[in-house]
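Residues per chain are reported as follows:
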Amino acid sequence: MPHDEATKVPRKLYESELRRLQAELVKMKEWVRTTGERLVVVFEGRDAAGKGGVIKRITEYLNPRVARIVALPAPTDRQRGQWYFQRYVEHLPTKGEIVIFDRSWYNRAGVEHVMGFCTADEYRRFLQQCPIFERLLVDDGLRLVKYWFSVSDEEQERRFRSRLEDPLRSWKLSPMDLDARSRWVEYSKAKDEMFVHTDTPEAPWYVVEGDDKRRARLNCIHHLLTVVPYEDVVEVPLELPPRPKESEYQRPPRDLFHYVPDYTATLL
C-alpha cells in the first residue's frame, strides 16, 4: 500500500529503531551459531522493491563467517544440465550458519518463466517439485523464511528513473530490469501462480509492502526476529590483556616503507 509523506516513518525514529533491531539480529546470529541452527532467508519480489536495502541492513553488523549472502549469476552450461535445485543445495547452511538468498530457486517461477528462459515442462516440474524440496529442508530441521517484496507500479518507475540518473546506482539496472516494466502483468500473473503452489504451511510466503523503504526495512527485520525463536546467549566477557613492553624491539626507519600519501591533507 502506497504511503504519502505524512505517513512515512520519520528518519530519527527509523534510525533509532533500526539500531535496536540490528542489536537483536546480533543476538539472533549468536544464538544460531552456538545452538547449531541452520537458517535460510529467501528474498524475492519486484525489481526495485527494496530487497537489497533490507539485506544490507540485516547483515551490516553480522559476522560474515556466520551470515552470508548468496546472489547467484546465470547458470553455466554444466549447471543447466543438472537437477534444477542442485546448484542452490550446495549453498545451504551447515550447523551454526545463516544464509540469505538475494533471489533464489524462485527465478524459475519468475524471470525464467516470463522471459521464456525455461520450457513449459521445466516450469511445470518446478511448481510440482518446489513444495516437496522445501518440505524436505524443513523436515531436516532447517529454518526457512521466505519474503516477497511488493512495490507499486508508480513507485517502481520513480526508483528506476532515480537509478538511471545516479551514476553510483546505475549498475542496479539491467536491460532485463527495464524490459520487466513492459511485462508488469505477466510478472503479476507468474507471482500469483507461484503463490498458489508454494505458499505452504511448512514454508509460507510473507509479503512486505515496499513503497516506504524505512517502513519495509523495520517491518521485515522485526518480523524475522519474531519467527526465529532465538534467545540472548550470554558470552563470557572478554578482557583486554596488557600490551607487553618493548624490551628489545626497535622499529625500522619509516623511509624503508611505502606509505599511502596523505590525500586528505589536500582537502583541509
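Our structure's up above, just so we're on the same page.
Only a predicted model underlies this, so the values are computations on that prediction, with no experimental measurement involved. (Residues numbered from 1 in each chain as written. Predicted model: local features only at pLDDT ≥ 70, side-chain atom pairs only at ≥ 80, totals over all residues. Heavy atoms only, no water.)

**With respect to the sheet that holds strand β1 (residues 38–45)**
Strand order in the open sheet formed by five strands is β2-β3-β1-β4-β5, and the pairing between neighbours is parallel. Strands at the two margins of the open sheet, each flanked by one partner only, are β2 (67–70) and β5 (205–209). Strand-to-strand twist in this sheet, taken as the mean axis angle between neighbours without regard to direction, amounts to 20 degrees. Of the pairings in the sheet, the one linking β1 to strand β4 (residues 143–150) comprises seven bridges and is parallel in character. Counterpart to V41 in the pairing with β4 is V145. Each of β1, β3 (97–102) and β4 is contacted by helix α1 (residues 11–35), which is oriented at about 120 degrees to β3, the strand it contacts most. (Pairing = 2+ DSSP bridges. Helix = DSSP H or I, 4+ residues; strand = E, 2+ residues; numbered from the N terminus. Axes fitted to C-alpha atoms, helices over the stretch in contact; angles between N-to-C directions. Contact = heavy atoms within 4.5 Å.)

**Observations regarding the side chain of K29**
Looking at the element boundaries, K29 is found in helix α1. By relative accessible area, K29 is classed as buried at 10%. When sequence neighbours within four positions are dropped, the list of residues in contact with K29 reads L62, N63, V66 and I98. (Buried < 20%, exposed > 50% of the residue type's maximum accessible area, 1.4 Å probe, protein only.)

**A look at the nonpolar core**
By size, the foremost hydrophobic cluster in this structure holds 32 residues, and its most contacted members are M28, F43, I58, Y147, F149 and L224. Elements with a contribution of two residues or more to this core: α1, β1, α2 (51–59), β3, β4 and α10 (213–227). By residue number, the principal contributor to this core is α1, which donates seven residues. Leaving out residues up to four positions away in the same chain, Y147 has contacts with V41, V42, F43, E44, W205, Y206, V208, C220, H223, L224 and V227. Among the nonpolar cores identified, the runner-up in size contains 26 residues, and F133, L142, W148 and A203 belong to it. (Core = buried A, V, L, I, M, F, W, Y, C linked by side-chain atoms within 4.5 Å.)

**A word on the packing of α2 against α10**
Axis separation between α2 and α10 bottoms out at 10 Å; the angle between their running directions is 50 degrees. As summarised for this structure, α2 and α10 are arranged oblique, according to the angle between their axes. Of the two possible hands of crossing, α2 and α10 adopt the one that is right-handed. Packed against α2, whose contacting residues are G53, V54, R57 and I58, the element α10 presents R217, C220, I221 and L224 at the interface. (Parallel < 35°, antiparallel > 145°, perpendicular 65-115°, else oblique. Left-handed = near helix turned anticlockwise from the far one by under 90°.)

**Concerning the pattern of salt bridges**
Here the structure, examined in full by the defined rule, presents 20 salt bridges. D47 serves as the salt-bridge partner of R103, at 2.9 Å between the closest nitrogen and oxygen. One end of the pair, R103, is in the loop between β3 and α5 (111–115); the other, D47, is in the loop between β1 and α2, and 56 residues separate them in sequence. Here D212 ties to R215 by a salt bridge, and the two come within 3.6 Å at their closest N and O atoms. The exposure class assigned to D212 is buried, which follows from its relative accessible area of 3%. Several salt bridges converge on common partners, so that one network encompasses E24, K27 and D232. (Salt bridge = Lys/Arg side-chain N within 4 Å of Asp/Glu carboxyl O.)

**Comments concerning the packing of helix α6 (residues 120–139) against helix α9 (residues 184–198)**
Here α6 crosses α9 at 40 degrees, and the two axes come no closer than 9 Å. Taken together, the axes of α6 and α9 are oblique relative to one another. Classified by chirality, the crossing of α9 by α6 is right-handed. The residues of α9 that touch α6, namely those facing Y123, L127, C130, P131 and E134, are E193, M194, H197 and T198. The class makeup of the residues in the contact of α6 with α9 is five nonpolar, two polar and two charged. (Nonpolar A, V, L, I, M, F, W, Y, C, P; charged D, E, K, R; others polar.)

**Focus on the environment of Q129**
Within the secondary structure layout, Q129 lies in helix α6. Through-space distance from the C-alpha of Q129 to that of H197 is 9.7 Å; in sequence the pair is 68 residues apart. Apart from residues lying up to four places away in sequence, Q129 is in contact with W83 and F85.

**Here we look at helix α7 (residues 153–165)**
With 13 residues, α7 ought to run about 18 Å at 1.5 Å a step, and its terminal C-alpha atoms sit 19 Å apart, in line with that. By the burial criterion, the buried members of α7 are E155, Q156, R159, F160 and R163. The arc that holds every buried residue of α7, seen down its axis, measures 135 degrees, which confines them to one face. Away from the buried face of α7 by more than 90 degrees, exposed residues E154, L164 and E165 are located. Where α7 is buried, its residues meet α8 (175–181), α9 and α10. (Expected span 1.5 Å × (residues − 1). Arc of directions from axis to C-beta.)

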